[in-house]
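# Coordinates in review
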Amino acid sequence: MDFGAWYWNTSHAINKYQSSTYGDEVAVDNSFSVKSGSVILGDNLGINFSVEDLDNRSNVNTYDEVISFTYTNTNYHLQKGSFVYEITARPISITINNRQCEYGDDVIDDNSLYKITNGTIVNGDNLCVDLTVNLTGIKPNTYSITGDWNNSNYEITFTNGTLTITKRNITISTYQKSEYGTNVVIDNNVYTIESGSLANIDSDLKLVLTTSARKSSDVGTYPIILQSNNSNYNITLVNAEYEIVARKIKVEIDNQSSIYGDVTNSLTSKTYYNGSSISASDLRYFNIQLQSLATNKSNVGDYTITGINNETTRNDVTFIDGTYTITKRKLTIEADNKSSQYGDDLQELTYKIVNGTLPDNGVEQILNVELSTTANPRGGVKTYPITGTYNN
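Only a predicted model underlies this, so the values are computations on that prediction, with no experimental measurement involved.

### A word on the overall build of the protein chain
- Secondary structure assignment for the protein chain yields 1 helix and 30 strands.
- A compact globule built from 392 residues would reach a C-alpha radius of gyration of about 21 Å, whereas the protein chain, at 60 Å, exceeds it by more than 25%.
- Each of the three principal axes of the protein chain carries a C-alpha extent, and together these read 220 × 35 × 20 Å.
- Split into buried and exposed, the 392 residues of the protein chain put 28% on the buried side.
- Once local pairs closer than 6 in sequence are excluded, the contacts in the protein chain between residues at least 24 apart make up 58%.
- Accessible surface for the protein chain amounts to roughly 23900 Å². Of this, 45% is attributable to carbon and sulfur atoms.
- Taking the 28 positively charged and 44 negatively charged side chains of the protein chain as two groups, their mean positions are separated by 16 Å.

### Considering a nonpolar patch on the surface
- The grouping of Ile333, Tyr351, Ile353 and Leu358 at the surface amounts to a nonpolar patch, some 300 Å² of accessible area in total.
- Here Tyr351 is to be found in strand S28 (residues 351-355).

### What about the layout of surface pockets?
- Estimates place the volume of the largest pocket at around 550 Å³.
- Considering the residues around the largest pocket, the lining is formed by 25 residues, among which Arg329, Leu331, Leu367, Tyr390 and Asn392 are closest to the centre.
- Of all the secondary structure elements, the ones that give two or more residues to the lining of the largest pocket are strand S27 (332-335), strand S29 (369-373) and strand S30 (386-390).
- In terms of residue count, the dominant contributor to the lining of the largest pocket is S30 (5 residues).
- Residues that form the lining of the largest pocket fall into these classes: 14 nonpolar, 6 polar and 5 charged.

### Overview of the pattern of salt bridges
- Inspection of every chain in the model, using the stated rule, returns 12 salt bridges.
- Among the salt bridges present, the one from Asp218 reaches Arg314, with a minimum N-O distance of 2.9 Å. Of this pair, Asp218 sits in the loop between strand S16 (208-211) and strand S17 (220-228) while Arg314 sits in the loop between strand S24 (301-309) and strand S25 (315-320), and the two are 96 residues apart along the sequence.
- For Arg314, the salt bridge is made with Glu311, and the minimal N-O distance between the two is 3.6 Å.
- The structure contains a network of salt bridges with shared partners spanning Asp218, Glu311 and Arg314.

### Quick word on the environment of Asn123
- Counting through the fold element by element, Asn123 comes out in the loop between strand S9 (114-118) and strand S10 (129-133).
- We classify Asn123 as partly exposed; its relative accessible area is 24%.
- Separated by 253 residues in sequence, Asn123 and Asn376 have C-alpha atoms that sit 154 Å apart.
- Setting aside its immediate chain neighbours within four residues, Asn123 contacts Tyr22, Gly23, Asn56 and Arg57.
- Polar contacts involving the side chain of Asn123 include one to the main-chain carbonyl oxygen of Asn56, which spans 3.3 Å.

### Some thoughts on the confidence of the model for the protein chain
- Confidence in the prediction of the protein chain, expressed as mean pLDDT, is 90, and 95% of residues score 70 or more.
- Counting interchain partners and residues more than four positions distant, the pLDDT-below-50 stretch residues 1-8 has 5 contacts.

### Notes on the side chain of Ser173
- The topology assignment puts Ser173 in strand S14 (residues 168-179).
- Among the polar contacts listed, one links the side chain of Ser173 to the side chain of Glu194, at a separation of 2.5 Å.
- Once residues within four sequence positions are removed from consideration, Ser173 is found in contact with Tyr191, Thr192, Glu194, Val238 and Asn239.

Criteria and cut-off values
- Residues numbered from 1 in each chain as written.
- Predicted model: local features only at pLDDT ≥ 70, side-chain atom pairs only at ≥ 80, totals over all residues.
- Heavy atoms only, no water.
- Helix = DSSP H or I, 4+ residues; strand = E, 2+ residues; numbered from the N terminus.
- Rg over C-alpha atoms; globule rule 2.2 N^0.38 Å.
- Buried < 20%, exposed > 50% of the residue type's maximum accessible area, 1.4 Å probe, protein only.
- Contact = heavy atoms within 4.5 Å.
- Areas by Shrake-Rupley, 256 points an atom, 1.4 Å probe, with all protein chains shown as cover.
- Lys, Arg positive; Asp, Glu negative; His and termini not counted.
- Charge placed at Lys NZ, Arg CZ, Asp CG, Glu CD.
- Patch = residues over 30% accessible without salt bridge, like charges linked within 9 Å, V, L, I, M, F, W, Y side chains within 5 Å.
- Salt bridge = Lys/Arg side-chain N within 4 Å of Asp/Glu carboxyl O.
- 1 Å grid on protein atoms, 1.4 Å probe; cavity = no way out; pocket = protein on both sides within 12 Å on 5 of 7 lines; lining within 4 Å.
- Points joined across faces, edges and corners; volume = space filled by probe spheres on them.
- Nonpolar A, V, L, I, M, F, W, Y, C, P; charged D, E, K, R; others polar.
- Polar contact = N/O pair within 3.5 Å; in protein donor to acceptor, adjacent residues only side chain to side chain.
- pLDDT = per-residue confidence, 0-100.

Right under this line is the structure:
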């Protein structure tokens, strides 16, 4: 009996581990490890390994029953130990694209916005990449974009991207005004959008506008500036003006009257601003002049009273004309009694003013009084009436 051959023909167990990356060729080499027993130095066992039921489309996993073997050295009795074929995840490196949008615009939600910087996709696979913008607010800022995937056949390393929300560009104009001498009030919500638009989430720009114009400022145009901006917008302010305009004053001239020949009355008026009666002294730089053609020498009649605004810059005055009426002067005239003898010439008829006076206005007063009587030198002896008329 050959004891040496018998000894080495005892059972030996071998282990086999082989691996490949998902998508690469599935193959085995003839390397192994001895699990139990030993191999005499220099012996060739003549082992040949093969793999079945796996290919480059097989999913990542550890497979136990796919490797088989044969051997040609009959001096050994070889048994199968741990035979494992492992398909490992395919490494991919992805760089997430940076994105940018204006405040208020929709954030682009697109899971394809990346590029593969290392590795390849095989078998027409979908990596099922899910990109997430890590928004901690919606204000202009830079936010990270991270990635995840749902394909276990790949091991993906992400280089994060960024989403930059920039300020929203908008151009506005504003025109506001008040009347001279009134309070200057800026309305922060009075503006016109010339270009750009408000974000849908905003109802206004929440601005704080200011101007150098004051209640005491003269009529003119003053710039409006941004005192406080909205940090979500790049705001360009154009044609921003505050105008101090002339006050709209209404002057109602009072009607006046006087008797012919008397000194005319002072001309007066009532002044209104915004529907309220005020005195002229309450209005700074208020300077009007009332005038009429009526004087103490004017004949009886109606004369228009008009107004002149001597300060046209600060006050826009509308006059309601008045009327100056010169009325008749009342006089009572009494004819003097006269007498004469029958046959004599009649005396000159005269009269005297018994009530009222003639005016002392430097005008010759011609009353054009005409006295008459039915008496004549040859009339019968009796009393005749004296009557009078006048033409003035």
